[in-house]
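If you want the building blocks of each chain, they are given just below.
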Amino acid sequence: MINRTVLVGRLTKDPDLRYTNSGTAVASFALAVNRQFTNSDGKREADFINCVIWRKAAENFANFTHKGSLVGIDGRIQTRSYENQQGNKVYVTEVVVENFSLLEPRSHSDSNKQSSNTAPSANKQSSSDPFAGSDPIDIDEDDLPF
C-alpha cells in the first residue's frame, strides 16, 4: 500500500510544541496550501491541512518556523478517533510529517516577521537587498490564505 503526502504551503500560525508525559516532543500546525485553480470570483482558494511532527524534528520545526513560513513537508495521512468530554466520538485526519524543508532563507523569513511587527522605513536600505530603494508591493491581507 502507498500512503505518501507531499505539500507546500504556509503556516497559518506558529507551531504548537508540546511534550508527552514520557518527554517526547510533538508539534502540531496547520498548513495553508493554495489550490491550482481560481473560484468563480477569480480568487484562489486554499485548503487548511492539519499536520503533526514528532521528536527532534518537532523541536527543530518549532524553532525555525513561524506564522507565514513557507515550508515543504513529506509524510503520510493518518486517521484517529477519540471520545471527547461530552462522550461523542471525534474523528481526526492529519498528515504525520516525516521530513520537512524550509523554502525561504532564514534572513527572508526573519525580515518578513520583523516587517509585520514594525512599520516600514523608507530610508532603511540593505546593500545585499537587490530590491532596496524600489517601490513597496501593495498586498491586501484578504489575498493571503492565512
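Analysis parameters
Residues numbered from 1 in each chain as written. Predicted model: local features only at pLDDT ≥ 70, side-chain atom pairs only at ≥ 80, totals over all residues. Heavy atoms only, no water. Helix = DSSP H or I, 4+ residues; strand = E, 2+ residues; numbered from the N terminus. Buried < 20%, exposed > 50% of the residue type's maximum accessible area, 1.4 Å probe, protein only. Contact = heavy atoms within 4.5 Å. Salt bridge = Lys/Arg side-chain N within 4 Å of Asp/Glu carboxyl O. pLDDT = per-residue confidence, 0-100. Phe/Tyr/Trp six-rings, centres within 6.5 Å; stacked < 30°, edge-to-face > 60°. Core = buried A, V, L, I, M, F, W, Y, C linked by side-chain atoms within 4.5 Å. Pairing = 2+ DSSP bridges.

**A closer look at the environment of phenylalanine 64**
Within the element layout of this structure, phenylalanine 64 appears in helix α1 (residues 55-64). Its relative accessible area of 41% is what places phenylalanine 64 among the partly exposed residues. Linking phenylalanine 64 and proline 15, residues 49 residues apart in sequence, is a C-alpha distance of 9.9 Å. Not counting the four nearest positions on each side in its chain, phenylalanine 64 is found in contact with Leu102 and Arg106.

**Comments concerning the pattern of salt bridges**
Within the structure shown, the criterion is met by nine salt bridges. Here arginine 10 ties to glutamate 104 by a salt bridge, and the two come within 3.2 Å at their closest N and O atoms. Of the two residues, arginine 10 sits in strand β1 (residues 5-11) while glutamate 104 sits in the loop between β6 (89-102) and α2 (106-117), which places them 94 residues apart along the sequence. Classification of glutamate 104 by relative accessible area gives buried; the value is 15%. One salt bridge in this structure joins glutamate 98 and arginine 76, with 3.3 Å as the shortest N-O distance. Taken together, the residues glutamate 98 in strand β6 and arginine 76 in strand β5 (residues 70-83) connect sequence positions 22 residues apart. Since its relative accessible area comes to 30%, arginine 76 is described here as partly exposed.

**Structural notes on the confidence of the model for the chain**
Close inspection of predicted coordinates is inappropriate for parts of the model with low pLDDT. Across the chain, the average pLDDT comes to 83, with 73% of residues at 70 or higher. When mean pLDDT is compared element by element in the chain, β1 scores highest at 96, while α2 scores lowest at 56. Here residues 118-126 is a poorly scored stretch, pLDDT under 50, and it has three contacts once near neighbours within four places are set aside; other chains count.

**Quick word on the packing of aromatic side chains**
Evaluated as defined, the whole model comprises two aromatic pairs. Measuring from ring centre to ring centre gives 4.4 Å for phenylalanine 29 and phenylalanine 61, while their planes differ by 25°; the resulting arrangement is stacked. Taken together, the positions of phenylalanine 29 in strand β3 (residues 25-38) and phenylalanine 61 in helix α1 put the pair 32 residues apart, joining distant regions of the chain. With a centroid separation of 5.0 Å and an interplanar angle of 90°, the aromatic rings of phenylalanine 61 and phenylalanine 100 are classed as edge-to-face. Highlighted residues: phenylalanine 61 in helix α1 and phenylalanine 100 in strand β6, separated in sequence by 39 residues.

**Digging into the nonpolar core**
Buried together is how nonpolar side chains tend to be arranged in soluble globular proteins. Core analysis: the biggest nonpolar cluster contains 15 residues, and Phe29, Leu31, Cys51, Ile53 and Ile73 have the highest contact counts within it. The set of elements that each furnish at least two residues to this core consists of β1, β3, β4 (44-54), α1, β5 and β6. The biggest single contributor to this core is β3, with five residues. Setting aside residues no more than four positions away along its own chain, leucine 31 makes contact with Leu7, Gly9, Arg10, Leu11, Thr12, Asp47, Phe48, Ile49, Cys51, Val71 and Ile73.

**Considerations on the pairing of β4**
Bridging between β3 and β4 involves 10 bridges; their strand directions are antiparallel. Paired with alanine 30 across the two strands is asparagine 50, which belongs to β4. Between β3 and β4, which pair antiparallel and follow one another directly, the connecting turn spans five residues, one of which, glycine 42, has a positive phi of 85°. Summarising the sheet, β4 and β6 pair through three bridges and their orientation is parallel. The residue bridging isoleucine 53 from the neighbouring strand is valine 97, located in β6.

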